[in-house]
Amino acid sequence: MIFCETRNIGWQAVRNIWLTTAISEAVAVHSELLISLFDWMFPVMTYLLTKHCRMPTPMAPQELIFMLLRLLKCILDFDDGSATDLPKVIEGAFIFCVTWTVGAVVDGDGRIRFNTLFRQLLNGEIYESTEYEDFAVKNPDYVTDTSRKSNCVLPEEGLLYDYVFDVKTARWANWLDNQPTFKIERDAKFVSIVVPTVDTIRNEWLLERLLKKGYHVMCTGDTGTGKTVCIKNKLLGGMPAEYNSIFLTFSAQTSANMTQDLIDSKLDKRRKGVVGPPLGMKCVVFVDDLNMPAKEIYGAQPPIEILRQWMDHQGWYDRKEMEFKRLVDVQFTAAMGPPGGGRTKITQRFVRHFNVLNFINFSDESLGRVFGTILDWRLAMGFAGPVKSMSVNAVSATIGVYNSIAENLLPTPAKSHYTFNLRDLSKVFQGVLQGDPNVVKEKDQFIRLWSHECMRVFHDRLIDDKDRDWFKDLLVKIIKEVFNVDWNKIKGAHRSVIYGNFSDRKSLTKPYVEITDRTMLDKAMEEYLDDYNQMTSKPMTLVLFESAVEHVARISRVINQPYGNALLVGVGGSGRKSMTTLAVSIADYELFTIEITKSYGLFEWREDIKLMMNKAGVANKQTVFMIDDTQIVKETFLEDINGILNTGEVANLFNGEEMAALSDALSKPAADAGVNTASQAEVFNFFVSRVRTNLHLVICLSPIGEAFRTRLRMFPSLVNCCTIDWFTEWPEPALRSVADFFMASVDLDDRIKK
């Protein structure tokens, strides 16, 4: 092995090889122009990038030059033609590519800083700045030409990131120009709606260009910035027909063997020692949460190392035959959050193979457009005029609540689940959309519904009275500022607002309404409990005091939503499982639990998972899977739960015979849904979509000890994909009502009982 220092080779050697081997003859005529553009822009911008911008995933200049060359190849191949003035086209394309490679690895603030410095360089205004003086001192070989300016007319408004360079017209155009008007179908499901914004449009555009040329793409960014949604949308619906895809989700427990087996199982044998997708197809493997695997003793992450082996050698060893096996027509795309928590910094030897695209947090303007579009769509379905007029204020208020809580309630060791992201914002609107237009007719009713959803999403996960009181004060303040209403005058007579679809036992439609008659609610709960006890061999003796009823309503709200999963946190005996059992009975769903025995292991667990997923996916039954921490005998169980929460499936769960049985059982319903039943992969995707819609996980964990924090860190879906309900100590009136109930049948003097 010969080790060469980067400074001894430099980035120019990479560029020179690319110029002689990778560009078309038409572009090669202008090689001198390309060389001058590289020499002028690249050294300055890479230096200023490392000095003045923050890179969530650090990149060296050697990696950035490869990224730049890949994107230039995508643009300068002129697949759709180009303008006749090639020098102008090449310079504009070069500026665009520098922006989306060198400038694509920085965070939101870094983009603003990068845009300012890059514009100064292109306009010839940077040479007197202190930043450039610092660069010139550190790079004495750089030849400064103070008269050099760009010949390309740049857009003046906004950032360079807001524009795409069109090689066919040699002009800059806003990403939103010529975009079709977005309209949500009337019967659309909330979980399937993706409202295009400038971020989603440009990210998907870049992703498609790079993937079509066979390059690997890595999307980084905070949780909730749309990395997974963007990639899945593009792979499932935005790529040519010859592309298929494999989805993986890494967690702390993922191993190299699991990764290798999952990919191998989805590929076909081409010939001896060669596997790949069906002939004529290309396969894109998407790895989510790439940096989650735990590091081994020497600091490597085995699942990443097995992928790196493919990147370097286009294959890996078959562990049975002990022979090298090549994987052809395969490429990778990945998504990962910034290092921190359970996420680690991954090796640069792997990152170098990718074009990195950092997804920044949505601006308030983009969030307003997304959720405003969705809320307007729902309110147009029969809601009264006064309620429709609340749309803009409701979106503004929700974003205000989210920004305040994310800024003020930060995670600590005792509050490790205080990680708020855009999925929480989405859950608020998902709850509001459940409102019934026949019931919510006035502004005050809509504000109560909105405040209830904010309480369920944000308030219920808070662990102490100090944080809860702070959030209630925040809600009162925002309602006054945005809606111009005094909350204390409209909140009603009760201590808390309760919404549910179970107040009227005789109703067939089960609308989601506010429950103001608490006497009727208590009576309905008692009747639901009696119904359950008459139908089960394990009756429950419960005292349904006010706090218990509130928890039942919270669990009921979650499991009645598509993709609704709950994380119930409380000590043993706090009623988590009893409340869940009653909520499932009220919803008339099927409750699935596991029974732990001495011999219960991974095989029995996987068989139970298959049975549960068949109920939800094949039988099409609404199913609730409840598990508590005493049943998690192996951490691998949480690995599978993490997969179900994230993607709706468990890697390598079904063997070939079981997959064939699934295809047979689902052939008719899949055909009715318009699925190509000849493709086993498409039928399985139909099965997974049913599982995600019909299966609801309720995970009961205790906050005591280190295990809770460790699990949340190692399996981020427990927080990101679940609505959290924190069970606190029961209040004194609740304890007294329980004592009175059980003491009533004891033959003692009343004075002694009290």
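Everything below is about the structure shown above.
This is a predicted model, so every value here is computed, not measured. (Residues numbered from 1 in each chain as written. Predicted model: local features only at pLDDT ≥ 70, side-chain atom pairs only at ≥ 80, totals over all residues. Heavy atoms only, no water.)

## Quick look at the overall build of the protein
As a reminder, the rule being used: Secondary structure elements are defined from DSSP: runs of H or I of at least 4 residues count as helices, runs of E of at least 2 residues count as strands, and each element is numbered from the N terminus. C-alpha atoms define the radius of gyration, and 2.2 Å times the number of residues to the power 0.38 defines the globule rule. Partly exposed describes any residue whose relative accessible area lies between the buried limit of under 20% and the exposed limit of over 50%, with all areas from a 1.4 Å probe on protein chains only and scaled to the type maximum. The criterion used for residue contact is that any of the two residues' heavy atoms lie within 4.5 Å. Accessible areas in this description were obtained via Shrake-Rupley with a 1.4 Å probe; residue shielding takes into account the shown protein chains only.
Within the protein, the regular secondary structure consists of 31 helices and 18 strands. Relative to the globule expectation of 27 Å for 754 residues, the C-alpha radius of gyration of the protein, 29 Å, shows essentially globular dimensions. The 754 residues of the protein split such that 53% are buried. Long-range pairs, those at least 24 residues apart, make up 75% of the contacts in the protein with a sequence separation of at least 6. Summed over all atoms, the accessible surface of the protein reaches about 34,800 Å², with 51% contributed by carbon and sulfur.

## Considerations on the pattern of salt bridges
Under the convention used in this document: For this document, the term salt bridge refers to a Lys or Arg side-chain nitrogen within 4 Å of an Asp or Glu carboxyl oxygen.
Tallied over the entire structure, the rule returns 42 salt bridges. Between D318 and K325 there is a salt bridge, and its shortest N-O distance comes to 3.7 Å. Notably, a salt bridge pairs D725 with R554, separated by 3.0 Å at the nearest N-O pair. Remark: R554 occurs in helix α22 (residues 546-559) and D725 occurs in strand β18 (residues 723-726); sequence separation between them is 171 residues. Pair check on accessibility: D725 and R554 agree, each one buried. In the salt-bridge network here, residues are joined through shared partners; they are R456, D460, R495, R518, E546, E550, R554 and D725.

## Regarding the pairing of strand β4 (residues 243-249)
Formally: When DSSP finds two or more bridges between two strands, those strands count as paired.
The buried fraction of β4 is high, at five of seven residues. Of the strand pairs in this sheet, β4 and strand β7 (residues 282-288) are connected by seven bridges, and their pairing is parallel. Within β7, the position partnered with Y243 by the bridge is K282.

## Some points on the sheet that holds strand β5 (residues 268-271)
Applied cut-off: Inter-axis angles, ranging from 0 to 180 degrees, are taken between N-to-C directions of lines fitted to C-alpha atoms, where helices are fitted over the stretch in contact.
On the basis of which strands lie adjacent, the open sheet formed by four strands has the order β5-β6-β9-β8 and mixed pairing. Whereas interior strands pair on both sides, the edge strands pair on one side only; in this sheet they are β5 and β8 (315-318). Across the sheet, the mean angle separating the axes of adjacent strands is 40° when strand polarity is ignored. Bridging between β8 and strand β9 (residues 323-327) involves four bridges; their strand directions are antiparallel. Residue G315 lies in a different strand from β9, and its bridge partner there is R326. Packing against the sheet, helix α12 (residues 302-313) makes contact with β8 and β9, and its axis sits at approximately 120° to β8.

## Thoughts on the environment of K477
The residue K477 is located in helix α19 (residues 465-483) in this model. Here the alpha-carbon distance between K477 and W487, two residues 10 residues apart in the chain, equals 8.7 Å.

## Looking at the sheet that holds strand β11 (residues 354-359)
Here five strands make up an open sheet; going across it, the order is β4-β7-β10-β3-β11 and the pairing parallel. If you trace the sheet from one side to the other, it starts and ends with β4 and β11, each paired once. Pairs of neighbouring strands in the sheet enclose a mean axial angle of 20°, with direction left out of account. The sheet strands contacting helix α11 (residues 256-265) are β4, β7 and β10 (330-336), and the helix crosses β4 at an angle near 155°. Those strands touched by α12 are β3 (216-221), β7, β10 and β11, and its axis lies near 140° from that of β10.

## Overview of unusual backbone geometry
Keep in mind that most residues, glycine aside, have a negative phi and that most peptide bonds are trans. The residue F78 is not glycine, and still its phi comes out positive at about 50°. Within the secondary structure, F78 is located in the loop between α5 (61-76) and α6 (86-99). F78 gets classed as buried once you look at its relative accessible area, which sits at 14%. The backbone of D588 sits at a positive phi, close to 60°, despite the residue not being glycine. Checked against the element boundaries, D588 lands in the loop between α23 (576-587) and β15 (590-592).

## Notes on the pairing of β18
Judged by which residues are buried, β18 turns out to be covered on both faces: T723 and D725 on one side and I724 and W726 on the other are all buried. As paired strands, strand β14 (residues 566-569) and β18 are joined by four bridges and run parallel to one another. Each residue of the ladder has a partner; that of L568, found in β18, is D725.

## Some words on the nonpolar core
Inclusion rule: In plain words, nonpolar cores are sets of buried Ala, Val, Leu, Ile, Met, Phe, Trp, Tyr and Cys residues tied together by side-chain atoms within 4.5 Å.
W18, F96, F118, L290, L307 and F332 are the most contacted members of the largest nonpolar core, which has 117 residues in total. With residues up to four places along the chain from it excluded, the contact list for F332 reads Y215, H216, V217, I263, V285, V287, L307, W310, M311 and F354.

## Comments concerning the packing of helix α2 (residues 12-21) against helix α4 (residues 31-52)
Inclusion rule: Note on angle classes: values under 35 degrees are labelled roughly parallel, values over 145 roughly antiparallel, values of 65 to 115 roughly perpendicular, and the remainder oblique. Two helices crossing with the near one rotated counterclockwise from the far one by less than a right angle form a left-handed crossing, whereas a clockwise rotation gives a right-handed crossing. Lys, Arg, Asp and Glu make up the charged group, whereas Ala, Val, Leu, Ile, Met, Phe, Trp, Tyr, Cys and Pro make up the nonpolar group; the residues left over, Gly among them, are polar.
Where α2 contacts α4, the two axes come as close as 11 Å, and the packing angle between them is 160°. Between α2 and α4, the angle falls in the class roughly antiparallel. Seen from above, α2 lies across α4 with right-handed handedness. Of the residues in α4, those touching α2 at R15, W18 and L19 are L34, I35, F38 and D39. Class assignment for the residues of the contact of α2 with α4 results in five nonpolar, no polar and two charged.

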